[in-house]
Amino acid sequence: MEKPRQVRGRGDAGHDRPRSGRFPVQDIRKVGWRATECSIPSPAMMTLRHGSAAALALVLLASGSARAQETDPHLALEAVESPEALAWVKAENDKTLPLLSSDPRFAGLQAEALKILAAKDRIAMPNFVGKTVFNFWQDATHVRGVWRRTSLESYKSADPQWETVIDLDALSAAEGKNWIWKGADCRPKTHDRCLVNLSNGGKDAVTVREFDLTTKTFVDPAAGGFVLPESKQSIEWLDPDTLILTRDWGPGTTTDSGYGMVVKTLKRGQALDQAVEIYRGQKGDVSVRPNVIRDAKGGRVVLIEQATDFFNSLYFEWTPKGLAPLPLPKKGGIVGMLDGLLVVKTEEPWTFAGVAIPAGSLALVSPERLRPGAEIVASNGCNPCAILSPGPRQSIAQATVTDNRVVAVVYDNVRGSLVSLENRGERGVVKTNLPVIDNAAVTLGSHSDEGDLVFYTDEGFATPTQLKLADATGTTAQTIKALPAQFDASKLEVEQKVATSKDGTKIPYFLIHPKGHKHDGKNPLLLHAYGGFNLSKLPVYDPLIGKLWLERGGSYAVANIRGGGEFGPGWHQAALKANRQRAYDDYFAVAEDLIAKKITSPRHLGAYGRSNGGLLMGVAMTQRPDLWNAVIVESPLLDMIRYTQLPAGASWIGEYGDPAIPAERAWIEAYSPYQKLKAGVKYPLAYITTSTKDDRVHPGHARKFAARLDDLKVDNLYFENTDGGHANGADPKANARRWALHYTYLSRQLMDH
């Protein structure tokens, strides 16, 4: 699942604002440079706002009262690090690990996974900070990783000369901390100081410390260095010596979702309690955050975004004179600023100044025109206007702003392209295509802080990733790096097929399988999907799936079900709240299509999903246990009646609905997997896995689901990693074990016998 929507971006988690020394990309669908795994956000306990009987029942559940214990005998497992809960976890791990790790395939799978994850020849993804290229790198020697830098010319060479800036292994050892890298935000223009984000064990909550890039040392707080204690926080440089930020400032300053709702400014040398409040949201919001937007000509706009739910926000402009509301679309976000015009991404139809902008578009509008009291007159120029509007089977996946262009990734029937847009005012918008391979997944990376250079990648299921560098004002690109083939794809075939869902909707899916495979129902096949939060499943090159599964004779399918963003806002909104079942019906339709065509059969069909996709797996188990012989339920949501009371559930009410409202509880109860488990059903042997450090999707979901299966005397495998958080970001060795466990389980269930 995703963190609260932050369309402008922030580099460490795929979100990064322009010209800040982070990945300056608006990443609407993916996490980081590329995402083969999708995930959700992170709240605290939800304060119930509805005085209904259902709300009272939920309050009793949350209180741990005798009535709650009768209703849910496994509430104790929600106490993440209680001795009792950890003892249960250890007992489960002690059953699962020996079983899977003793399989003769496990050691080889783990070695292959580690070789891929720690490979020296993988692409070191670049991030511009000023004119310098930075990269965060992990391998077998640098388990926690090093943040390093080189010149652009050196980076473009076959053997870049890297200079280590921060050695996270050495820092962790020196400070006795379990530091996990969560990115850095560098001071605009001067690019000499950065706010470094460090997570203890992989949590979303981070400690932020100011770092001097010249001396390569943390700035002493006694000398005015910024140090912000652990919190889920959103921070911007307002000027070289002032931050604007939201965080947990103390009681009454966070939302029900656990994110900051109070925005303050903090000057160098000030203590946290001296920060000056400029805006306060509501407890029922998802979050409130600042957004400082700059353009190449020195223009600056300071926005406050009040996310009233996961998909809707109110916008205010902050100036020394105070705050003023801006009539921007509630569904959407700000990509950046070009020549003084805000670049807006719309997720709903937006009409302003008599101009109608379709949903899913990129539009330009001046801040002056949005301000209260501005005179609205007819304009022949682009103010506002749509500069790019996708068709019915298209979507805009990413966008970024360089000095002179807007660059966007556009998907057409889940096949990517890259376009550069030049605004010529009254003369219209000129669209230029930049080169990508056919049938590709395309991902925007970092762009230069001055000029129009932009990094991007293209790749396919069987085509290794290529890193390209283009001048957005031109038409060509240079391939800078190319990932060597990580598995043998010569014997593979990639197809795009279509299944028909229960309501007649056509659902596309990709199928990757050995050439000439027989349609005899005996092909071991893994079916993956996500279906939520406007996130798309794209044709990415995944060395782990290729090496650990496809090369060993397995087949793989990716379903583009509703709830995702493959075909724009309408595709996502079709499976929201009361219509959630549509996403599940889509997934079942793809499985049935694969079975009907005898590409596979229930005996050899496996299902995999994580986070919101883990919820999909829980529904697949409980609604259609007949379709699968293996189900990997990873980092899942499963108790949808209590999800709003566990981190970070309250922030996702916009996606699923609120179980405290009786009418909405009714549709949630219809599919909530934890409550739907029942005696007498033949369930497939499930592999359920999560992380103790996951402060986004609470590990209690997975724990309770496994415990309930135990109650029903249903065999299951449960494993909980004690590190890594929701992003599984601990280290390559831990991740190699994670994937080896996955594919050992799948091999046993789908390939054996």
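Definitions and cut-offs
Residues numbered from 1 in each chain as written. Predicted model: local features only at pLDDT ≥ 70, side-chain atom pairs only at ≥ 80, totals over all residues. Heavy atoms only, no water. Disulfide = S-S within 2.5 Å. Buried < 20%, exposed > 50% of the residue type's maximum accessible area, 1.4 Å probe, protein only. Helix = DSSP H or I, 4+ residues; strand = E, 2+ residues; numbered from the N terminus. Salt bridge = Lys/Arg side-chain N within 4 Å of Asp/Glu carboxyl O.

1. Re the state of the cysteines
The full count for this structure, using the stated rule, is two disulfides. Note on cysteine connectivity: C186 is disulfide-linked to C194, with sulfurs 2.0 Å apart. Here the disulfide of C186 and C194 is right-handed, its torsion about the S-S bond being about 95°. With respect to burial, C186 and C194 carry one shared label: buried. Across a sulfur-sulfur distance of 1.4 Å, C382 and C385 are joined as a disulfide pair. Classification of the bridge connecting C382 and C385 rests on its S-S torsion, roughly -45°, and on that basis the disulfide is left-handed. Relative accessible area serves as the criterion here: at 8%, C382 is assigned to the buried category.

2. Description of unusual backbone geometry
Cis geometry marks the peptide bond from N383 to P384; its omega dihedral reads 0°. Here P647 and A648 are connected by a cis peptide whose omega angle stands at -5°. Its identity as a non-glycine residue notwithstanding, V414 has a phi of 65°, on the positive side. Mapped onto the secondary structure, V414 falls in the loop between β26 (406-412) and β27 (416-423). The exposure class of V414 is buried, given its relative accessible area of 1%.

3. Examining the pattern of salt bridges
Under the criterion given, the structure shown has 42 salt bridges. Measuring nitrogen to oxygen at the nearest pair gives 2.7 Å for the salt bridge that ties E592 to R624. Here the residue E592 occupies a position in helix α10 (residues 581-596), and R624 occupies one in the loop between α11 (612-623) and β38 (630-634), the gap between them amounting to 32 residues. Classification of R624 by relative accessible area gives partly exposed; the value is 21%. Among the ionic contacts, a cluster of salt bridges with common partners joins D72, E78, D639, R642 and K704.

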